[in-house]
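Observations on the model geometry
Now for the letters of each chain:
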Amino acid sequence: MTTAGTEPGAGRPSLVVLISGRGSNLQTILDAIRDGRLNAKLRAVISNNPDAPGLERARRAGIPAEVVDHRNFPSRETFDAELRRHIDRHAPALVVLAGFMRILSDDFIRHFEGRLLNIHPSLLPEFPGLNTHARALAAGAREHGASVHFVTPAVDAGPVVLQARVAVEPGDTPVTLAARVLREEHRILPEAIGWFLAGRLTLSNGQALLDGRPVPATANHRNSQ
Ligand code: GRF
């Protein structure tokens, strides 16, 4: 018999992942949990897009896959309120945006602030927003990469937790560059989640702290300015 107390993974720090599409970052989280590299209980995967291929990845792994379709709501606020209700039912320690392509309202973000992480395909604060790979190439960037950051109300501007850099190679296209950056995303996202769920990563007075100290990614970033 399975009760709440004996369910597999009960007692592990809990997680909800939000997606909108392919779900390759979600897959790295599923794999890391399965292989014991990430001590977490993934309570649910929620998508705003009913056709997101990532939902099938969740189902295959036996994780509840839920849809809150933004097109069924008259405003961002009503969508966000329903999304928040879905997440809160699982009472997660952490919420991860893994390719979640909706801008979230300030109320939503404040509700989850300090336990809301996003993966973004650029070296923030460079290239917030969309089409980061094409924009990095157009700008002649010699380095590009990915960032995990705490989500705060300004879009893609919350404190950076962890970054990975890749060199821009001659002949790179947005597609080749995106593929190299994605490999790095798959490395740093589970790592940052692990830090958070182990209680090592916190948001304090607008700053990301790892083991009580400003995270190295932030320090590097400052040095490079
Ligand atoms: C990733 O590049 C993520 O950084 C961006 O959207 C993409 C999602 O990929 N925000 P996937 O759905 O995780 O495969």
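One structure accompanies this document, and this report is about it. (Residues numbered from 1 in each chain as written. Predicted model: local features only at pLDDT ≥ 70, side-chain atom pairs only at ≥ 80, totals over all residues. Heavy atoms only, no water.)

**What about the site of the ligand?**
The cut-off we apply is this: Put simply, a residue is near a molecule or strand once any heavy atom of it comes within 4 Å of that molecule or strand. Two N or O atoms count as a polar contact when they lie within 3.5 Å, although within protein this holds only if one can serve as hydrogen donor and the other as acceptor, and sequence-adjacent residues are included solely when both atoms are side-chain atoms. When residues are grouped by polarity, Ala, Val, Leu, Ile, Met, Phe, Trp, Tyr, Cys and Pro land in nonpolar, Asp, Glu, Lys and Arg in charged, and all others, Gly among them, in polar.
Taken together, Arg22, Gly23, Ser24, Asn25, Gly99, Ile119, Pro121 and Glu185 make up the full set of residues near the ligand. A distance of 2.6 Å is found between an oxygen atom of the ligand and a side-chain nitrogen or oxygen belonging to Ser24. At 2.9 Å from an oxygen atom of the ligand is found a main-chain nitrogen or oxygen belonging to Asn25. Looking at the shell around the ligand, its residues break down into 2 nonpolar, 4 polar and 2 charged.

**A short note on unusual backbone geometry**
Defined as follows: Counting from the N terminus, the helices are the DSSP runs of H or I reaching at least four residues and the strands are the DSSP runs of E reaching at least two. Think of it in three bands: residues with accessible area under 20% of the maximum for their type are buried, residues over 50% are exposed, and the middle band is partly exposed, with areas taken using a 1.4 Å probe on protein chains only.
Across the junction of Leu124 and Pro125, the peptide omega takes the value 10 degrees, indicating a cis bond. With respect to the element layout, Pro125 can be found in the loop between strand 5 (116–120) and helix 5 (132–138). Within the chain, Ala91 stands out as a residue other than glycine whose phi angle is a positive 45 degrees. Along the chain, the position of Ala91 falls in the loop between helix 3 (76–88) and strand 4 (94–97). Residue classification places Ala91 among the exposed positions, given a relative accessible area of 58%. Look at Asp211: it is not a glycine, yet its phi comes out positive at around 50 degrees. The residue Asp211 is located in the loop between strand 9 (207–210) and strand 10 (213–214) in this model. Given a relative accessible area of 42%, Asp211 falls into the partly exposed group.

**Overview of the packing of aromatic side chains**
Test applied: Each Phe, Tyr or Trp ring (for Trp, its six-membered ring) is paired with any other whose centre lies within 6.5 Å, and the angle between the two planes then decides the class: stacked below 30 degrees, edge-to-face above 60, tilted in between.
One pass over the full model with this rule turns up 3 aromatic pairs. Judged by centre distance (4.9 Å) and plane angle (50 degrees), the ring pair of Phe108 and Phe112 falls under tilted. A residue pair is termed a helical-turn pair when its members lie 3 or 4 positions apart in one helix, as Phe108 and Phe112 do in helix 4 (residues 106–112) at 4 residues. When its relative accessible area of 2% is taken as the criterion, Phe108 is described as buried. Where Phe150 meets Phe196, the ring centres are 6.4 Å apart and the plane angle is 65 degrees; that geometry is what we call edge-to-face. Taken together, the residues Phe150 in strand 6 (residues 143–150) and Phe196 in helix 6 (residues 174–197) connect sequence positions 46 residues apart.

**Examining the pairing of strand 4**
Selection criterion: Two strands qualify as a pair provided DSSP detects at least 2 bridges between them.
By the alternation rule, side chains of strand 4 split into Leu94 and Val96 and Val95 and Leu97, which are all buried. Of the pairings in the sheet, the one linking strand 1 (residues 14–19) to strand 4 comprises 4 bridges and is parallel in character. Within the sheet, the bridge partner assigned to Leu18 lies in strand 4 and is Leu97. Of the strand pairs in this sheet, strand 4 and strand 5 are connected by 3 bridges, and their pairing is parallel. Residue pairing for strand 5: Val95 is matched across the bridge by Leu116.

**Observations concerning the environment of Arg89**
Relative to the helices and strands, Arg89 resides in the loop between helix 3 and strand 4. For Arg89, a relative accessible area of 58% translates into the label exposed. C-alpha separation for the pair Arg89 and Thr173, spaced 84 residues apart in sequence, amounts to 42 Å. At 3.4 Å, the side chain of Arg89 and the side chain of His86 are in polar contact.

**Focus on the sheet that holds strand 9**
Strand order in the open sheet made by the 3 strands is 8-9-10, with antiparallel pairing throughout. The sheet is open, and its two borders are formed by strand 8 (201–204) and strand 10, each paired with just one other strand. Sheet analysis places strand 8 next to strand 9, joined by 4 bridges and oriented antiparallel. The partner of Thr202 across the bridge, within strand 9, is Leu209.

This is a description of form; function is not addressed.
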